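The chain contents come next:
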Amino acid sequence: MTAEGLRLTPFRGLRYAPERVSSLAAVTSPPYDVVVRPDGLRHLETADPYNIVRLILPQAADPATRHRQAAETLRRWRTDGVLAPDPEPALYVYEQRKGELLQRGLIGALSLSPPEDGIVLPHEEVIAEVVEDRAALMRETAANPEPLLLSYRSRGSDTGATAVIERTTSRAPLVETTTEDGFSHRLWAVTDPAELAEVDGDLSHQRALIADGHHRWATYLRLRAEHSADVRGVSSPWNYGLVLLVDTARYPLQVRAIHRVLPRLTLRQALEMLEMTDSFRVRPVEGPLSHAMEVLERTPGNAFLITEGDGAFHLLDRPSSRLLDLTIPEDRPEAWRRLDATVLHSALLDEVWKIPDHPSEIGYIHHTEAAVEQAAHHGGVAVLLRPVLEDTVRALAEQGVTMPRKSTSFGPKPATGLVLRTVDTDAA
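Since we're looking at a predicted model, the values are computed, not measured.

1. Notes on the packing of aromatic side chains
Per the counting criterion, the structure on display carries five aromatic pairs. Arranged with centres 5.5 Å apart and planes meeting at 85°, the rings of Tyr50 and Trp77 form a pair that is edge-to-face. One end of the pair, Tyr50, is in the loop between α2 (39-47) and α3 (53-56); the other, Trp77, is in helix α4 (residues 63-79), with 27 residues separating them in the sequence. The residues Tyr50 and Trp77 share a single accessibility class, namely buried. Here the aromatic residues Tyr16, Tyr50 and Trp77 are joined through ring pairs into a cluster of three or more. One cation-aromatic arrangement involves Arg134 over Tyr32; the distance from NZ or CZ to the ring centre is 4.1 Å. Above the face of the Trp336 ring, Arg332 is positioned so that its terminal group lies 4.4 Å from the ring centre.

2. Side note on the sheet that holds strand β17 (residues 313-317)
Taken in spatial order, the six strands of this open sheet run β15-β17-β16-β19-β14-β18, and their pairing is antiparallel. Each edge of the open sheet is held by one strand with a lone partner, namely β15 (281-285) and β18 (363-365). Strand after strand, the sheet turns through a mean of 25° between neighbouring axes, direction not considered. In the sheet, strand β14 (residues 259-262) pairs with β18 via three bridges, with the strands oriented antiparallel. Note that in β18 the partner of Arg260 across the bridge is Tyr364. Helix α10 (residues 289-298) contacts β14, β15, β16 (303-307), β17 and β19 (381-384) of the sheet and is inclined by roughly 155° relative to β16.

3. A short note on the packing of α4 against helix α5 (residues 128-141)
Two numbers describe how α4 lies on α5: the axes approach to 8 Å, and their chain directions differ by 35°. As α4 runs across α5, the sense of the crossing is right-handed. Taking contact as the criterion, the partners of Arg66, His67, Arg68, Ala70, Ala71 and Leu74 in α4 are, on α5, Asp133, Ala136, Leu137, Glu140 and Thr141.

4. Describing the side chain of Asn239
You can see Asn239 is positioned in the loop between α8 (214-226) and β12 (240-247). Asn239 sits in the buried class, given a relative accessible area of 19%. Residue contacts for Asn239: discarding those within four places in its chain leaves Leu110, Ser111, Leu112, Arg224 and His227.

5. Observations concerning the pairing of strand β11 (residues 208-212)
Regular strands place their side chains on alternate faces of the sheet. Burial analysis of β11 places five of its five residues in the buried class, which makes it a mostly covered element. In this structure, strand β6 (residues 120-121) lies alongside β11, joined through two bridges in parallel fashion. If you follow Leu121 over to β11, its bridge partner there is Leu209. As paired strands, strand β8 (residues 148-152) and β11 are joined by three bridges and run antiparallel to one another. Its bridge partner being in β11, Leu150 is matched across the sheet by Ile210.

6. A closer look at the nonpolar core
Tyr16, Ile107, Leu150, Trp217, Leu348, Trp353 and Val383 are the most contacted members of the largest nonpolar core, which totals 110 residues. When residues no more than four places from it in sequence are discounted, the contact partners of Val383 are His259, Arg260, Leu262, Phe304, Leu305, Ile306, Leu344 and Trp353. Within the second largest apolar cluster, 19 residues are counted, among which are Val36, Leu289, Phe313 and Ala371.

7. Things to note about unusual backbone geometry
With omega at 5°, the peptide bond leading from Gly287 into Pro288 counts as cis. One can find Pro288 in the loop between β15 and α10. Of the consecutive residues Gly411 and Pro412, the connecting peptide bond is found in the cis state with omega at 5°. Locating Pro412 in the fold gives a position in the loop between β20 (409-411) and β21 (421-422). If you check the backbone angles, Asp278 has positive phi at about 50° while not being a glycine. On the secondary structure map, Asp278 appears in the loop between α9 (267-277) and β15. Unusually for a residue other than glycine, Lys406 sits at a positive phi of about 55°. Mapped onto the elements of the fold, Lys406 is located in the loop between α15 (390-398) and β20. Residue Lys406 is classed as buried on the basis of its relative accessible area of 10%.

8. Considering the pairing of strand β10 (residues 184-190)
Pairing geometry for strand β4 (residues 91-98) and β10, over seven bridges, is antiparallel. Residue pairing for β10: Tyr94 is matched across the bridge by Leu187. Bridging between strand β9 (residues 175-178) and β10 involves four bridges; their strand directions are antiparallel. Pairing of Thr178 across the sheet is with Ser184, part of β10.

Each value, and the rule that gives it
- Residues numbered from 1 in each chain as written.
- Predicted model: local features only at pLDDT ≥ 70, side-chain atom pairs only at ≥ 80, totals over all residues.
- Heavy atoms only, no water.
- Phe/Tyr/Trp six-rings, centres within 6.5 Å; stacked < 30°, edge-to-face > 60°.
- Helix = DSSP H or I, 4+ residues; strand = E, 2+ residues; numbered from the N terminus.
- Buried < 20%, exposed > 50% of the residue type's maximum accessible area, 1.4 Å probe, protein only.
- Lys NZ or Arg CZ within 6 Å of the ring centre and 35° of its normal.
- Pairing = 2+ DSSP bridges.
- Axes fitted to C-alpha atoms, helices over the stretch in contact; angles between N-to-C directions.
- Contact = heavy atoms within 4.5 Å.
- Left-handed = near helix turned anticlockwise from the far one by under 90°.
- Core = buried A, V, L, I, M, F, W, Y, C linked by side-chain atoms within 4.5 Å.

Pasting the structure below:
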């Protein structure tokens, strides 16, 4: 880790004008990679003509057209006053609440740093095609449309950033809404120079783990490399990226698994290849889904559930030592070699089922029920996994070891559409 830590800077947030939309809840969206397509996408598009999904997941025949369409949509919404910049730069306190679950953090423009600096720690690999798509979208729109989620651990004291957050939430919020998933959202702007200095003094000694948004972080780094300091020698606005920073010592994140849907593999093919290779023990498990997941949770060692969404499940466990010796790299820490996601990708997907490592062949679904429904409605096999402990994730990240892509789902995730960051506004 370098001497310098996190530097979270204020920015002029771009926000929806309440009088121009049916409701704030109707124009928000989950993060782009959580939207279940095509059903969830259609639902969001019809919720309000200005739903943010038209910027983060534009629909057109080819990628270049999609990205130009998003840029034109953003330009039009700004011109028409649907989206308007706040009058002065701010950090934004963001609160999410559902029942007893409460999460608070700070949204700001974070100074970017490479992994070797040890300030922001990635823990998952990324898919090159996804990074290229996100980079093209942000490049064309000149915007960071949604924050990624970073976690850090303070010493638990009520000083610094924590004190600013707690004081701010006693005031009237800029906006508040409740989305259809039952979460209430509130947002405040922090503009007082003394409070901004208090936050900076605290965070400058911290480092963060990427909890959610590895592809967006990789995109930020790519765009920063493309835009060096401008001709006047002023730091480029591309040197910063939009993030939500949460102190998990005070507000622990939830960690869930991310499931896989294999659209081109049938359950019959999957079971036949497992039997032919004698690679895993395979046992039928009775439904419903909740019971099958309980069985998976109780199973020691590496284990997975597979289903085609018809209410029948099969438990895969006890991978053969021959298969593991053949497929799992030996030059990684033992904790990495034992991960379910490691065994899934290196042994099961690559070796047994021969699934190409491409987005068209492997879908990543954050919610268990949605993964099962996706397999049932659109074909293929859902592979259901268990979550990884946050301590395991952090320990590997601190060693500089990345987990297989889409190994974890930290949350709750910030709603997209509450506040955006545009490069031209920041440059101004």
